[in-house]
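Here is how the chains run, residue by residue.
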Amino acid sequence: MEAELNNILVTGATRGVGEALSLRFAGQGRKVFALARTSEQLDSLVERGGSNILPFAVDISDRDAVGVAVNEIESAHGGIDVLINNAGIVQNINFAEQSFDMMERIIDVNLKGTLYCTRHTVPFMIQRKRGRIINISSVAGVRGIPGQAAYCASKHGMNGFADALAQELMPHGIVVSSICPGGIDTPLWDKEKNPYPGDIEKVIKPGEIVDMVEFLLKQPSGTMYKRIVVFPTNEWH
Ligand SMILES: NC(=O)c1ccc[n+]([C@@H]2O[C@H](COP(=O)([O-])OP(=O)(O)OC[C@H]3O[C@@H](n4cnc5c(N)ncnc54)[C@H](OP(=O)(O)O)[C@@H]3O)[C@@H](O)[C@H]2O)c1
């Protein structure tokens, strides 16, 4: 029988998709290691999700801070069965107008943050010869979207990374999968500051992404779902 996948690290755990993942899994009695930067929002998540949520105030673009959190989880909390690389940021703006700071921040959080979390976690999974890694990428990882050039670069990077990593880790019993969604109804989109460049009324609900993650976790470790591309039917990617 497949070993249980009870200990789940979720990055970007406090809002949107990460919040929905954390609350669903904690409600199922799984242990959720919740990473995000803002302590107050982590506290609020724990208030709502209960003691199955263990908060870690970490900026995933700080590779040493990620290492400290992962080592603590591994030494004191039973280790990580599932890593969900979910934290991400976006700015919808023409590339020629985007600041260098924002361009770099998108790469640092979405791409380098994913690499750091994975690099710190994978050696422990290899030792145990088991584990799941699920990257929440984007349709911006499978095509170019004008207004999201740096974001597309980060998400294409995530997909290329997952493609190579999946092959490296298969012999160790570790499965790497990516979900590439179109628009999702989350606080990532702000009507004033960063509006969704499509019809916000028609986008995917965070719970649908959680359903997909649950589906992936139910598959036997001998089966590889490499990539799920999913988007609202008023769009095409
Ligand atoms: N919403 C969409 O339409 C959509 C579509 C396709 C793909 N996605 C992808 O889905 C993932 C989740 O997005 P979402 O829409 O749920 O975003 P969201 O609602 O904006 O939530 C982002 C989460 O990430 C955390 N975060 C941001 N920067 C971080 C950092 N440097 N270190 C650690 N945590 C950080 C935030 O908390 P703090 O700010 O407190 O750190 C928050 O918990 C992202 O990778 C995004 O690219 C979203």
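As a starting point, this report considers the structure included with it.

Calculation rules
Residues numbered from 1 in each chain as written. Predicted model: local features only at pLDDT ≥ 70, side-chain atom pairs only at ≥ 80, totals over all residues. Heavy atoms only, no water. Helix = DSSP H or I, 4+ residues; strand = E, 2+ residues; numbered from the N terminus. Contact = heavy atoms within 4.5 Å. Pairing = 2+ DSSP bridges. Axes fitted to C-alpha atoms, helices over the stretch in contact; angles between N-to-C directions. Phe/Tyr/Trp six-rings, centres within 6.5 Å; stacked < 30°, edge-to-face > 60°. Near = heavy atom within 4 Å. Polar contact = N/O pair within 3.5 Å; in protein donor to acceptor, adjacent residues only side chain to side chain. Areas by Shrake-Rupley, 256 points an atom, 1.4 Å probe, with all protein chains shown as cover. 1 Å grid on protein atoms, 1.4 Å probe; cavity = no way out; pocket = protein on both sides within 12 Å on 5 of 7 lines; lining within 4 Å. Sits in = over half its atoms within 2 Å of the grid points. Nonpolar A, V, L, I, M, F, W, Y, C, P; charged D, E, K, R; others polar. Buried < 20%, exposed > 50% of the residue type's maximum accessible area, 1.4 Å probe, protein only.

Looking at the environment of Ile-89
Step number 1: Relative to the elements of secondary structure, Ile-89 occurs in the loop between strand E4 (82-85) and helix H4 (100-128).
Step number 2: It is 9.9 Å that separates the C-alpha atoms of Ile-89 and Trp-189, two residues lying 100 residues apart in sequence.
Step number 3: Not counting residues within four places of it along the chain, the set of residues in contact with Ile-89 comprises Met-102, Arg-105, Ile-106, Val-109, Asn-110, Tyr-151 and Leu-188.

Focus: the sheet that holds strand E7 (residues 227-230)
Step number 1: Overall, parallel pairing links the seven strands, which are arranged E3-E2-E1-E4-E5-E6-E7 in an open sheet. Each end of this open sheet is capped by a strand with a single partner; those strands are strand E3 (53-57) and E7. With strand direction ignored, the average angle separating the axes of adjacent strands in the sheet is 15 degrees.
Step number 2: In this structure, strand E5 (residues 131-136) lies alongside strand E6 (residues 174-181), joined through six bridges in parallel fashion. In the strand pairing of E6, Gly-131 is matched with Ile-174.
Step number 3: Against the sheet, helix H3 (residues 63-76) engages strand E1 (7-11), strand E2 (31-36) and E3, with an angle of about 155 degrees to E3.
Step number 4: Its contacts with the sheet place helix H5 (residues 149-169) against E4, E5, E6 and E7, and it is angled at close to 160 degrees to E6.

Brief notes about the packing of aromatic side chains
Step number 1: Tallied over the entire structure, the rule returns four aromatic pairs.
Step number 2: For the ring pair Phe-231 and Trp-236, a centre distance of 5.3 Å and an interplane angle of 85 degrees mean the geometry is edge-to-face.

Structural notes on the site of the ligand
Step number 1: Lining the immediate surroundings of the ligand are 30 residues, of which Thr-14, Thr-38, Tyr-151, Thr-186 and Trp-189 lie closest.
Step number 2: Side-chain polar atom of Thr-14 to an oxygen atom of the ligand: 2.6 Å apart, as the coordinates give it.
Step number 3: Ile-184 places a polar main-chain atom, nitrogen or oxygen, 2.7 Å from an oxygen atom of the ligand.
Step number 4: Taken by itself the ligand offers 890 Å² of open surface, and the protein chains cover 97% of this.
Step number 5: Structurally, the ligand is housed in the largest pocket.
Step number 6: Taken together, the residues of the shell around the ligand break down into 14 nonpolar, eleven polar and five charged.

Brief notes about unusual backbone geometry
Negative phi characterises most residues that are not glycine, and trans characterises most peptide bonds.
Step number 1: Backbone geometry at Lys-129 places phi at a positive 60 degrees, although glycine is not the residue there.
Step number 2: Tracing the sequence through the fold places Lys-129 in the loop between H4 and E5.
Step number 3: We classify Lys-129 as partly exposed; its relative accessible area is 47%.

Describing the environment of Pro-232
Step number 1: Mapped onto the secondary structure, Pro-232 falls in the segment after E7.
Step number 2: Distance from Pro-232 to Asn-159, taken between C-alpha atoms, is 20 Å for residues 73 residues apart in sequence.
Step number 3: Beyond its immediate sequence surroundings of up to four residues, Pro-232 is in contact with Gly-182, Gly-183, Lys-202, Val-203 and Ile-204.

Concerning the environment of Tyr-151
Step number 1: Within the secondary structure, Tyr-151 is located in helix H5.
Step number 2: When the C-alpha atoms of Tyr-151 and Met-103 are compared, they prove to be 8.1 Å apart, with 48 residues separating the residues in sequence.
Step number 3: In this structure, Tyr-151 is in contact with Ile-89, Val-90, Ile-106, Asn-110, Ser-138 and Ala-140, ignoring residues within four places of it in sequence.

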